[in-house]
Structure formats: structure tokens, C-alpha cells
Amino acid sequence: MGNSSADQPDQDAYVRRELQRLRDSIDNLDAALVHLLAERFKCTQEVGRLKAEYELPPADPEREARQIRRLRSLAEESKLDPVFAERFLNFIIAEVVRHHELIAAARANDSGAGPGLRRSAAN
């Protein structure tokens, strides 16, 4: 690449250090993402239990559409590909809805649980 062989050991050491520094940052960010997702899913599990108790549908398409619009806007502001952000949120939403369906099914099958207070989905 146009560098003399005398410069190569220093360059190799620099590249290795930089790669390690960047990879350490990536590892830290990955850990933070996992912790944030865990906290998010703790909240969505509570939502799922509340929906099951009051016999609300597991999915809320209007909220999901609002969240996708909001996240796309945040992605654009942050110079992140909004298509990627939308795909990521859709993946999370699908998993949340799946959890809500499981919670509702478990509640319906739980013979010890009394009937929930019925409310319309509009409430």
C-alpha cells in the first residue's frame, strides 16, 4: 500500500490497538442494548398481563404505527437508516405481541384465575 516495510510493524500494532479499542466499544454497546431490551421487555410483559386481565387484544396496530413513525423520525435525526430502524422495531413488536398472546392464553387456561373485568379495547 505504498508503505515501507520499516513502517509496517508500527502500522500493524496501531491497527490492532484501534481494532481492539473499537471492538471494546462495540462490546459495551452490545451489552447496553441487551440490558435496555431486557428492561423494555419487562415493561411489555406488564402491559401483556394488564391486557390479558382486561381481555384487551394482544396487538394495538394504531400504537404500533405511531411508534414506527416516531422511531423512523428519531432514526433520521440520528443519521440511522430509517428502514433498518423500522425493521428492528417490527421485529420487537412481533415478539412483544407473541408474548402478549402467550400471556393471554396462559391466563385463559389458568383455572384459578377469575374472569377479568371486561373493558372495550377503546379504553
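That block above? That's the structure.
Quantities reported herein were computed from a predicted structural model and do not represent experimental measurements. (Residues numbered from 1 in each chain as written. Predicted model: local features only at pLDDT ≥ 70, side-chain atom pairs only at ≥ 80, totals over all residues. Heavy atoms only, no water.)

Draft legend 1. Focus on the pattern of salt bridges. One pass over the full model with this rule turns up 5 salt bridges. With a closest N to O distance of 2.6 Å, E46 and R49 form a salt bridge. One end of the pair is E46 and the other is R49, both in helix α1 (residues 8-53) and 3 residues apart, which spans about a single turn. Looking at E46, the relative accessible area reads 49%, which means it is partly exposed. Look at R49 and you get partly exposed, because its relative accessible area is 41%. A salt bridge links E95 to R98, with the nearest nitrogen and oxygen atoms 2.5 Å apart. You can see E95 and its partner R98 sitting in helix α3 (residues 82-109), 3 residues apart, about one turn around the helix. (Salt bridge = Lys/Arg side-chain N within 4 Å of Asp/Glu carboxyl O. Helix = DSSP H or I, 4+ residues; strand = E, 2+ residues; numbered from the N terminus. Buried < 20%, exposed > 50% of the residue type's maximum accessible area, 1.4 Å probe, protein only.)

Draft legend 2. Structural view of α1. Here α1 spans 66 Å end to end across 46 residues, near enough to the 68 Å set by a 1.5 Å rise per residue. The set of residues buried in α1 consists of F41, T44, G48, K51 and A52. Each element contacted by the buried residues of α1 is listed here: α3. Backbone geometry just after α1 places E55 at a positive phi near 55°. (Expected span 1.5 Å × (residues − 1). Contact = heavy atoms within 4.5 Å.)

Draft legend 3. Inspection of the packing of aromatic side chains at higher detail. The tally for this structure, following the rule as stated, stands at 1 aromatic pair. Aromatic pair F84 and F88: ring centres 6.2 Å apart, planes at 20°, arrangement stacked. Taken together, the residues F84 and F88, both in helix α3 and 4 residues apart, mark about one turn of the helix. For F84, a relative accessible area of 44% gives the class partly exposed. With a relative accessible area of 38%, F88 lands in the partly exposed category. (Phe/Tyr/Trp six-rings, centres within 6.5 Å; stacked < 30°, edge-to-face > 60°.)

Draft legend 4. Fine view of the layout of surface pockets. Empty space within the largest pocket amounts to approximately 930 Å³. Lining the largest pocket are 34 residues; nearest its centre among them are R40, R63, Q67, L89 and I93. The set of elements that each furnish at least two residues to the lining of the largest pocket consists of α1, α2 (61-77) and α3. The residue inventory of the lining of the largest pocket, partitioned by class, reads 22 nonpolar, 5 polar and 7 charged. (1 Å grid on protein atoms, 1.4 Å probe; cavity = no way out; pocket = protein on both sides within 12 Å on 5 of 7 lines; lining within 4 Å. Points joined across faces, edges and corners; volume = space filled by probe spheres on them. Nonpolar A, V, L, I, M, F, W, Y, C, P; charged D, E, K, R; others polar.)

Draft legend 5. Molecular detail of unusual backbone geometry. Of note in the backbone geometry, E55 takes a positive phi value of approximately 55° without being a glycine. Within the secondary structure, E55 is located in the loop between α1 and α2. In this structure, K79 takes a positive phi of about 65° despite not being glycine.

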